[in-house]
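# Summary of the model geometry
Take a look at the letters that make up each chain.
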Amino acid sequence: MSKYKKMRDPLRDPNVDPAVLKELKSIVGDKKVTVSKHILYAYSYDLTFVEGKMPDYAVLPQNTEQVSQIMKLANKFKIPVIPYTAGSNIGGLCIPEQGGIIMDLKQMNKIIELNDNLHYVVIEPGVSHAKLAAALYKYNLRFSWPVGPPSGSTSSCSLCHGIGGMSGRYGLNSEAITSMEVVLPTGEIVKIGSCAINDKAWHSVLPLPQMDGLFKGWLGTTGVVTKLGLAVHPIPPILKVFTASAATCEDMAYYMRALSNYEIADDVTAVSWWLTQVPIPSPYKPKPEGKPEWFSFAATTSWTEKEKEAREEIWQSVMDEEKKKGSSVVYVEYPDEALRARTQLPSRIVGSTKNYTKQGGGGIAWPGTFTPLDKWGVIYEEWKKIMIRRNFSPAVRITDYRGVHYGMLRAFFTFDKGDIDHTENARQGIVECLRWCLDNGGIPYKPGVDFAKEINKRCDQGYLSLLKRVKKMLDPNNIMNPGKMALEDED
Ligand SMILES: Cc1cc2nc3c(=O)[nH]c(=O)nc-3n(C[C@H](O)[C@H](O)[C@H](O)COP(=O)(O)OP(=O)(O)OC[C@H]3O[C@@H](n4cnc5c(N)ncnc54)[C@H](O)[C@@H]3O)c2cc1C
């Protein structure tokens with residue numbers, strides 16, 4: 001095991017090897033590598049409850065060749081490498097568990113191709129949502145932008161199975177991936193998808209074996225993606241958002257399922273009353289008497305007025321059906337600003353994390369899960385008890401993905417990062433919620449180490465063993481974001 005494993009003190013001095021520093025400088029140039037403690041410190045923590053840990057070096061590669069050379073160097077010296085773009089993943093995923101090199105890919109930020117004819121782009125990992133959105137809008141094109149910081153990387157979001165404002169229609173952002181270039185942990189550069197057969201063709205990962213799966217959902221532990229092809233879509237001119245409220249999560253979930261049956265919306269999302277509040281009330285504040293507990297919006301886009309009217313007719317018939325069944329779902333007006341924030345993405349309004357967290361004290365984390373729709377109600381009721389018992393507002397979101405069978409169920413915990421007890425209370429509450437959800441069939445996305453341990457405890461032994469074999473095959477020295485999937489704990 002490398003010497004890096006032991007170093008856990010978040011404020012420790014970097015463990016600098018002059019030979020490594022010299023080689024890093026020769027690869028990227030003096031100005032693109034640092035061992036300055038104050039800069040490394042900024043990479044040692046994130047917004048979550050995950051304990052901060054110091055890296056030893058930070059490098060800013062400028063191209064694929066440099067990434068490859070850094071990986072070869074890291075293998076020679078057996079130093080961990082953590083790919084990083086904006087660090088806004090809300091899972092502690094870029095915190096260097098065992099120290100090592102932060103590979104900050106932010107300056108590899110070229111839009112290599114924007115194909116407005118075939119509707120795909122090829123981007124480098126440092127391209128932010130804001131940059132890509134600005135480029136696409138010129139061609140009236142869009143991507144499924146997340147409700148997160150516009151500075152986040154579109155490729156990292158897609159590689160981590162992120163979701164956005166079109167996931168109701170098109171599914172996860174990882175499903176938009178059409179091709180990729182990857183630097184393997186050992187430094188080889190490989191192409192995946194159509195570009196592997198013809199380097200000018202970036203349109204599809206199919207019908208080849210889906211080797212892109214080796215790099216999606218692996219949290220930067222199997223390779224560094226240096227180019228990514230993504231499908232994009234035209235923006236129809238007519239936006240219509242249908243809004244409704246309900247007294248219970250169960251009623252809201254069944255309304256959303258009924259609506260999603262018709263596949264008329266880009267996004268079908270609902271939030272509990274506490275999440276409609278900006279900032280989220282902290283500590284827990286009871287919902288005012290008489291206010292509905294759930295609010296939803298279904299964003300639809302149409303090319304013609306007639307198409308919009310057809311969508312209105314379908315929505316009305318769903319409302320009528322739910323009413324007949326005795327559901328508490330009714331039409332509700334949604335504040336204009338909130339609707340803009342949800343439909344004009346990427347958004348400075350919701351993407352500004354401080355809007356969520358400023359009453360909590362700067363910390364934010366969540367059990368974010370993909371959960372079968374018929375379990376949303378029962379899990380929410382338990383989450384509510386857990387959160388209120390721990391004095392957190394039950395600020396919960398549910399979103400349908402590509403149809404009716406599952407979607408996102410996630411609870412926002414905001415907490416005071418400066419208060420160890422408050423942070424620990426949040427961590428325990430999140431893990432408690434997660435266990436309940438896992439036992440009901442939910443799976444956490446972008447899972448940090450605490451989550452990975454809970455997943456590994458429950459998973460099929462054959463699956464776990466395959467996971468380890470694949471990781472070992474790709475990364476024989478275990479240098480890529482080591483510890484993140486908690487696979488070592490199982491050895
Ligand atoms: C308030 C808030 C709301 C959010 N809402 C959403 C949402 O609605 N949907 C959503 O999807 N996300 C959401 N996010 C999470 C996040 O902002 C986005 O997913 C973002 O796009 C991630 O990009 P990043 O640059 O921050 O990635 P990082 O945090 O830098 O990296 C994420 C992971 O990818 C790995 N990685 C980075 N680059 C590479 C690479 N080139 N090759 C291999 N691995 C790599 C890293 O090691 C890490 O494990 C939200 C965040 C906040 C704070």
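Residues numbered from 1 in each chain as written. Predicted model: local features only at pLDDT ≥ 70, side-chain atom pairs only at ≥ 80, totals over all residues.

## Notes on the sheet that holds strand S6 (residues 120-123)
Read across the open sheet, the five strands follow the order S5-S6-S10-S8-S9; overall the sheet is antiparallel. The open sheet has two free edges, formed respectively by strand S5 (111-115) and strand S9 (189-193), since each of these has just one partner strand. Within the sheet, the average angular offset between the axes of one strand and its neighbour, ignoring direction, is 10°. Relative to strand S10 (residues 224-231), S6 runs antiparallel, the two being bridged by four bridges. Residue Ile123 lies in a different strand from S10, and its bridge partner there is Leu228. (Pairing = 2+ DSSP bridges. Helix = DSSP H or I, 4+ residues; strand = E, 2+ residues; numbered from the N terminus. Axes fitted to C-alpha atoms, helices over the stretch in contact; angles between N-to-C directions.)

## Quick look at the packing of helix H1 (residues 18-28) against helix H3 (residues 64-77)
Each packed pair of helices is defined by two parameters, the angle between the axes and the distance between the axes. The interhelical angle for the contact between H1 and H3, taken along N-to-C directions, is 165°, at an axis separation of 10 Å. Accordingly, the angle class assigned to the pair H1 and H3 is roughly antiparallel. You can see that H1 and H3 cross each other, and the crossing is right-handed. Contact with H1, carried on its side by Val20, Glu23, Leu24, Ile27 and Val28, involves Gln66, Gln69, Ile70, Leu73 and Phe77 of H3 and no other residues of that element. Considering only residue class, the contact of H1 with H3 consists of seven nonpolar, two polar and one charged. (Parallel < 35°, antiparallel > 145°, perpendicular 65-115°, else oblique. Left-handed = near helix turned anticlockwise from the far one by under 90°. Contact = placed C-beta atoms within 7 Å. Nonpolar A, V, L, I, M, F, W, Y, C, P; charged D, E, K, R; others polar.)

## Quick look at the environment of Thr399
Following the sequence through the fold, Thr399 ends up in strand S18 (residues 395-400). Overall, the presence of 21 C-beta atoms within 10 Å leaves Thr399 in the buried class. Each C-alpha atom of the pair Thr399 and Asn89 lies 18 Å from the other, and the pair is 310 residues apart in sequence. (Buried ≥ 20, exposed ≤ 12 C-beta atoms within 10 Å, placed from the backbone.)

## Here's the deal with the domain arrangement of the protein
In terms of domain boundaries, the protein breaks down into domain 1 (3-105), domain 2 (111-234) and domain 3 (238-445). Computed over C-alpha atoms only, the centres of domain 2 and domain 3 are separated by 27 Å. Listed by partner, the interface residues are 19 residues for domain 2 and 19 residues for domain 3. Here the side of domain 2 that touches domain 3 takes four residues from helix H6 (residues 167-170), the largest share from any one element. (Domains from an automatic or database assignment.)

## Some remarks on the nonpolar core
In this structure, Val59, Val81 and Met103 are the most contacted members of the largest nonpolar core, which totals 123 residues. Excluding anything up to four places from it in sequence, Val81 contacts Ile70, Met71, Ala74, Gly100, Ile101, Met103, Ile479 and Met480. (Core = buried A, V, L, I, M, F, W, Y, C linked by C-beta atoms within 7 Å.)

## Observations concerning the site of the ligand
The environment of the ligand is made up of 34 residues, and the closest members are Pro146, Gly148, Gly152, Gly162 and Gly220. Where the shell around the ligand is concerned, the elements lending two or more residues are strand S3 (81-84), helix H5 (154-159), S10 and helix H12 (353-357). The residues that make up the shell around the ligand include at least three from each of domain 1 (3-105) and domain 2 (111-234). (Near = placed C-beta within 6 Å.)

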